Amino acid sequence: MKSKDLNPREKEIMELLWKSTEAMTSTDMLEMLDPEKWNKLTVFRTINSLIKKEFIIVNGFEQYNTQYARKFTYAMSKEEYLAKRMKEDGMGIKSLSSIALAFMGNELPKDKKERKELIDDLQNIIDELKSEK
């Protein structure tokens, strides 16, 4: 993966893809974007930039009348992107516990079910790390 950051337009397209459960065409994206800020050309250029930076990939085709449109999906999840950014900023695996605590701050789940899910997720990570010795 190339070490490039996302500009605001690229990030907006990536947010659409990260939230989508299916691959999207440029037309699908254009329908969801603010028409005052986006047009076919800006979507096309932004998609090409994201392909070049290896943030998105072609994931099939969809027929529109007599033509075919490429469908796109993300090449890395939002979490992978953010982890990559933190690594580039000098954060390492040794910072993981500090990051987790800082991230949670005063936002620990109040609901017992949510708190149990968080504890279970963290315990699974701990168990996986222990088993890789």
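Note: the structure precedes this text.
Residues numbered from 1 in each chain as written. Predicted model: local features only at pLDDT ≥ 70, side-chain atom pairs only at ≥ 80, totals over all residues. Heavy atoms only, no water.

## Notes on the nonpolar core
Grouped together as the largest cluster of nonpolar side chains are 18 residues, with contacts concentrated most on Met-14 and Met-29. Listing elements by their share of this core, those giving two or more residues are α1 (8–19) and α3 (40–52). Per element, the largest residue contribution to this core is five residues, and it comes from α1. In this view, Met-14 contacts Leu-6, Leu-50, Phe-55, Ile-56, Tyr-74 and Met-76; residues no more than four positions away in its chain are not counted. (Core = buried A, V, L, I, M, F, W, Y, C linked by side-chain atoms within 4.5 Å. Buried < 20%, exposed > 50% of the residue type's maximum accessible area, 1.4 Å probe, protein only. Helix = DSSP H or I, 4+ residues; strand = E, 2+ residues; numbered from the N terminus. Contact = heavy atoms within 4.5 Å.)

## What to know about a nonpolar patch on the surface
A cluster of nonpolar side chains, Val-58, Phe-61 and Tyr-68, forms an exposed patch at the surface whose accessible area comes to about 360 Å². Inspection of the secondary structure puts Tyr-68 in strand β2 (residues 67–74). (Patch = residues over 30% accessible without salt bridge, like charges linked within 9 Å, V, L, I, M, F, W, Y side chains within 5 Å. Areas by Shrake-Rupley, 256 points an atom, 1.4 Å probe, with all protein chains shown as cover. Salt bridge = Lys/Arg side-chain N within 4 Å of Asp/Glu carboxyl O.)

## Here we look at the packing of α1 against α3
Between two packed helices, the angle of one axis relative to the other and the distance separating the axes together describe the packing. Relative to each other, α1 and α3 sit at 85°, their axes nearing to 10 Å. By the angle class used here, α1 and α3 are roughly perpendicular. Residues Arg-9, Glu-10, Ile-13 and Met-14 of α1 form the contact with α3, whose own contacting residues are Thr-42, Thr-46, Ser-49 and Leu-50. The residue makeup of the contact of α1 with α3, split by class, is three nonpolar, three polar and two charged. (Axes fitted to C-alpha atoms, helices over the stretch in contact; angles between N-to-C directions. Parallel < 35°, antiparallel > 145°, perpendicular 65-115°, else oblique. Nonpolar A, V, L, I, M, F, W, Y, C, P; charged D, E, K, R; others polar.)

Geometric values such as these leave the question of function open.
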